[in-house]
Amino acid sequence: MIAKPAPSRSARRQARAAADTSSPQYKWIVLSNTTLGVLMATINGSIMLIALPDIFRGIGIDPLQPGNTSLLLWLIMGYLVVTAVLVVSFGRMGDIYGRVRMYNAGFAVFSVFSVLLSVTWMHGTAAALWLILMRVAQGVGGAMLMANSNAIITDAFPADQRGLALGLNQVAGIAGSFMGLVLGGLLAPVEWRLVFLVSVPFGVFGTFWAYWKLHDTGIRRPARLDWWGNLTFAVGLISVLVGITYGIQPYRGHTMGWTNPVVLAALIGGVAVLVVFGIVETRVAEPMFRMSLFRIRAFTAGNLASLLSGMGRGGLMFILIIWLQGIWLPRHGYGFEQTPLWAGIYMLPLTVGFLVAGPVSGWLSDRFGARPFATGGMLVAAGSFVLLALLPVDFHYGTFAAILLLNGIGMGLFASPNRAGIMNSLPADQRGVGGGMSTTFQNSAMVLSIGVFFSLMILGLASSLPHALSSGLVAQGVSAADADRLAALPPVSVLFASLLGYNPLQTLLGPAALAHLPAGHAAYLTGRGFFPALISGPFSTGLTTAFGFAIVACLIAAVASWLRGGKYVHTDLPTAADVSAAAPGAPEPVAAHVTTARPGPVVVASAPPPAAPVATRAGPVDGRPRPAPEAVLGAYTLVVTAPGYRPALYAMTADGNRPSAALDAGPRTNGRITGLVYGAAPDSPLPGAALRAVGPRGTVLAYALTGDDGRFQLPGLPHGLSPAPTDEAPRSPRGVQARPDGAALHLKLDGTRS
């Protein structure tokens, strides 16, 4: 007896992938893993905001010294900038090389640099620079995770469940931004290195889990990387974001640096390079940034709404931290060293609103479309910003918490349906780059929002803070010279002091000036009463201006969201390559998943578009799109698709009402086909499989989904339709079995992809 050779490692992995992806639980494994990855990435985007005072104390740096302001900003912004810049590139690479492969690499990169962040052995400026560089590298891993997670979810879930799945993932990501505040406040006082180490166990677990359980089930299109597009996009966007970062810092006696030649050069030059990038992308064969995707109204409107809502939401987190840490908490008995933790805790109603509204709105959008929920969410958010603007600086917490909850509900109502609407509009082979483009808009909105909100707050403070500070200090016995010196303090330093939970007066006045004051006055100036009360008035002016901007941004986002149109689900039909690949002896197609949609008033589209139209928009017939008539009734292709399976193509012929020559090969129909679709491993009925009758010109003539028992009914077809493979029509691919059984057609899908 000759022993059979052991299967190769690749064969074993393919067999395991086939078994995993055919399981009904696979999509929930995908959702769990990608939610862990996105949650980890977004928590680390905000965890440093609360932990910064302890981190700076740990490495021996005073963040309020003028020379250290840039270090403070880059520790906050570096991670956000790199994720905004790289998500499109990594999304495109996922389309080419495999989304799961890029996503899994992101877990590993993130974990490695989380460890390196915690092993800082230096002190002072050198330590701060090390942390900035490691944060940037950690952001590379975060960009890999965020760029591909939505595409992996979209590949794994059918269209009628994507809203819920993407909603859960999106809400977890947004909630992670606020959960990071609480974690930072809890861990940093114990040991600042724990802020970075907390991600390592989850990163290591997620890396091995993703490697073992996730498989590429999406369409992968081999292509060359667009190096010029990547370069011009990175240079242009980094220049703009760097210009915004330095624009909020003082410059030569000016309150802010918007007149700084370096800032102007970065902003103008960055915009010019982005224009060049747009020209490059229209001329290369395989562009990184698919400009053609903006022809899809649902994609364009969804991303515009996402950008505007992100600008309204992004700066809100910073404003609330400043409001709580710098003013409200000290005035209500909390010491400055306690305010970071309690600021995170008091902002929890916002997270609760996200967690409640996000999954519910995502589930409802699967049935009714994204437009009503996303638009309504933005209107609710705008109303909550109006209420925040009307709230006094020294508010009652119950009222404040209720408004935060309302804001979270509004943002949650918007986020889930909007992301599902964007991803549903994308062709299957463009989900990585399209998801990356969407994440770029979202992350760029955060940086833009910080620039806008800080600028508006600084303008509000600059108008009244100097006089309030000078008169308040003189009233407490400080000399006019020292009072005038502190009154010239840049407003951005006051904002940073409030953001970090610092009382800057003890440091800025100095021991000499404090020694000349009565003990009671000195204690009052350096305690938790004077500084918060002093900046309350100027801060209120800045708040009104900033919230006014947020209201306008949310209202415009609501309009953009409404303009997205009705429910839209992009459905990829087989291309000529798919048909030829289905013939015996031809190479197996790369495509393993074709999107499907529940019956309803949807648009069925195909990309890339063939010469003849393949999309129809018609009223529903029995809950299904109305079939378009063909000029010639002859040969047809029955296309059967299901998540995790190869598309199955079966040749059909129609001979009007006359008996077909191949009648014995299949059922004689009376304008419809009924039957049963089986899945492989185990051999059981396959629910949720999509069947389309595609005419010679590529027009979808009829459409149906199998029920829970795997049965289907495909109406609206010519009489006498029967399966009859011919030399002219495509044959059934290997692994797909069809057998007639009375008046029903039985199909079996096989050959799941890894």
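What you see is a predicted model, and the numbers here were worked out from it, not measured in a lab.

## As for the overall build of the protein chain
Helices and strands together make up the secondary structure of the protein chain, namely 22 helices and 12 strands. The buried share among the 754 residues of the protein chain stands at 60%. Nonlocal contacts in the protein chain, meaning residues at least 24 apart in sequence, comprise 81% of its contacts between residues at least 6 apart. Counting every atom, the protein chain has about 28400 Å² of accessible surface; 66% of that belongs to carbon and sulfur.

## Brief notes about the pattern of salt bridges
Enumeration according to the criterion identifies 2 salt bridges in this entry. Notably, a salt bridge pairs D54 with R57, separated by 3.1 Å at the nearest N-O pair. Within this pair, D54 and its partner R57 are both found in helix α2 (residues 26–59), separated by 3 residues, close to a single helical turn. Assessed through its relative accessible area of 52%, R57 is described here as exposed. Its salt-bridge partner being E191, residue R193 comes within 3.7 Å of it at the nearest N-O pair. Among the residues examined, E191 registers a relative accessible area of 33% and is labelled partly exposed.

## Some thoughts on empty space enclosed by the protein
Applying the stated criterion across every chain yields a total of 7 cavities of 30 Å³ or more. Approximately 460 Å³ is the volume found for the largest cavity. The wall of the largest cavity is formed by 30 residues, among which T42, G173, S177, Q442 and N443 lie closest to the centre. Listed by contribution, the elements that provide at least two residues to the lining of the largest cavity are α2, α3 (69–97), α5 (124–156), α6 (159–187), α11 (297–331) and α16 (431–475). Considering only residue class, the lining of the largest cavity consists of 13 nonpolar, 15 polar and 2 charged.

## Quick notes on the pairing of strand β9 (residues 711–714)
Only one face of β9 is covered, namely the one carrying F712 and L714; the face carrying R711 and Q713 has none of its residues buried. One ladder, built from 4 bridges, connects strand β5 (residues 673–679) with β9; its direction is antiparallel. Its bridge partner lying in β9, G675 is registered against F712.

## Some details on the side chain of S561
Among the secondary structure elements, S561 is positioned in helix α21 (residues 530–562). Here S561 falls in the buried class, since its relative accessible area comes to 0%.

## Remarks on the packing of aromatic side chains
Summed over the entire model, instances satisfying the criterion amount to 23 aromatic pairs. For the ring pair F233 and F277, a centre distance of 5.1 Å and an interplane angle of 45 degrees mean the geometry is tilted. Taken together, the positions of F233 in helix α9 (residues 227–247) and F277 in helix α10 (residues 261–281) put the pair 44 residues apart, joining distant regions of the chain. Here F233 and F277 have matching classes, each one buried. Among the aromatic residues, those joined into a ring-pair cluster are W323, W328, Y334, W342, Y346, F385, F395, Y397, F400 and F547. Its guanidinium or amino end placed over the ring of W562, R371 lies 4.3 Å from that ring's centre, counting from NZ or CZ.

## Quick notes on helix α15 (residues 397–424)
Three- or four-residue spacings in an α-helix give side chains the same orientation, since the helix completes a turn every 3.6 residues. Its 28 residues give α15 an end-to-end C-alpha distance of 40 Å, which sits within 8% of 40 Å, the value for a rise of 1.5 Å per residue. The buried fraction of α15 is high, at 20 of 28 residues.

## Focus: the packing of helix α14 (residues 371–390) against α15
One can describe the packing of α14 onto α15 by two numbers: an axis separation of 7 Å at closest approach and a directional angle of 155 degrees. Classed by the angle they form, the pair α14 and α15 counts as roughly antiparallel. For the pair α14 and α15, the crossing hand works out as left-handed. Between α14 and α15, the residues in contact are F373, A374, G377, M378, V380, A381, S384, F385, L387 and L388 and F400, I403, L406, N407, G410, M411, L413, F414, P417 and N418, respectively. Of the residues assigned to the contact of α14 with α15, the class counts are 15 nonpolar, 5 polar and no charged.

## Considerations on the nonpolar core
By size, the foremost hydrophobic cluster in this structure holds 161 residues, and its most contacted members are L131, W323, L324, F385, L388 and F400. Contact partners of F385, with chain neighbours within four places excluded, come to G312, L316, N407, M411, F547, A550, I551 and C554. Ranked by size, the runner-up nonpolar core spans 15 residues in total, among them L638, I673, A702 and F712.

## Some points on a nonpolar patch on the surface
Where nonpolar side chains cluster on the molecular surface, the patch consists of V386, L387, L390 and L406 and spans about 330 Å² of accessible area. With 3 residues, α14 is the single largest residue contributor to the nonpolar patch. Along the chain, L387 turns up in helix α14.

## A short note on the confidence of the model for the protein chain
Scored by pLDDT, the protein chain has a mean of 74; 76% of the residues are at 70 or more. The lowest-confidence element of the protein chain is strand β1 (residues 620–621), averaging 35 in pLDDT; the highest-confidence one is α14, averaging 92. Here residues 655–670 scores under 50 on pLDDT; set against residues more than four positions off or in separate chains, the count is 33 contacts. Overall, residues 750–754 carries pLDDT values under 50, and its contacts beyond four positions in sequence, including any with other chains, amount to 23 contacts.

## Focus: the environment of A704
Take A704: it is sitting in strand β8 (residues 700–705). Taking the C-alpha atoms as reference, A704 lies 5.3 Å from L691; in sequence the two are 13 residues apart.

## Regarding the side chain of S416
Within the secondary structure, S416 sits in helix α15. In this structure the side chain of S416 is engaged in a polar contact, spanning 2.9 Å, whose partner is the backbone oxygen of G358. Aside from chain neighbours lying at most four places away, what touches S416 is G167, Q170, V171, G358, P359, S361 and G362.

## A word on the pairing of β5
Of all the 7 residues making up β5, 6 are buried; the element is thus mostly covered by neighbouring parts of the structure. Here β5 runs beside strand β6 (residues 684–685); their pairing, made up of 2 bridges, is antiparallel. From the neighbouring strand, Y678 faces β6, where its bridge partner is P685.

## Details of the environment of S149
Position of S149 relative to the elements: it lies in helix α5. The class of S149 is buried, set by a relative accessible area of 1%. In the structure, S149 is positioned 17 residues away from L166 in sequence and 9.3 Å away in space, judged by C-alpha atoms. Excluding its chain neighbours within four sequence positions, the residues that come into contact with S149 are T34, V38, Y103 and N169.

## A short note on the environment of A147
One can find A147 in helix α5. Note on A147: relative accessible area 1%, which makes it buried. In this structure the C-alpha to C-alpha distance between A147 and R92, which are 55 residues apart in sequence, comes to 8.7 Å.

What counts and how
- Residues numbered from 1 in each chain as written.
- Predicted model: local features only at pLDDT ≥ 70, side-chain atom pairs only at ≥ 80, totals over all residues.
- Heavy atoms only, no water.
- Helix = DSSP H or I, 4+ residues; strand = E, 2+ residues; numbered from the N terminus.
- Buried < 20%, exposed > 50% of the residue type's maximum accessible area, 1.4 Å probe, protein only.
- Contact = heavy atoms within 4.5 Å.
- Areas by Shrake-Rupley, 256 points an atom, 1.4 Å probe, with all protein chains shown as cover.
- Salt bridge = Lys/Arg side-chain N within 4 Å of Asp/Glu carboxyl O.
- 1 Å grid on protein atoms, 1.4 Å probe; cavity = no way out; pocket = protein on both sides within 12 Å on 5 of 7 lines; lining within 4 Å.
- Points joined across faces, edges and corners; volume = space filled by probe spheres on them.
- Nonpolar A, V, L, I, M, F, W, Y, C, P; charged D, E, K, R; others polar.
- Pairing = 2+ DSSP bridges.
- Phe/Tyr/Trp six-rings, centres within 6.5 Å; stacked < 30°, edge-to-face > 60°.
- Lys NZ or Arg CZ within 6 Å of the ring centre and 35° of its normal.
- Expected span 1.5 Å × (residues − 1).
- Axes fitted to C-alpha atoms, helices over the stretch in contact; angles between N-to-C directions.
- Parallel < 35°, antiparallel > 145°, perpendicular 65-115°, else oblique.
- Left-handed = near helix turned anticlockwise from the far one by under 90°.
- Core = buried A, V, L, I, M, F, W, Y, C linked by side-chain atoms within 4.5 Å.
- Patch = residues over 30% accessible without salt bridge, like charges linked within 9 Å, V, L, I, M, F, W, Y side chains within 5 Å.
- pLDDT = per-residue confidence, 0-100.
- Polar contact = N/O pair within 3.5 Å; in protein donor to acceptor, adjacent residues only side chain to side chain.

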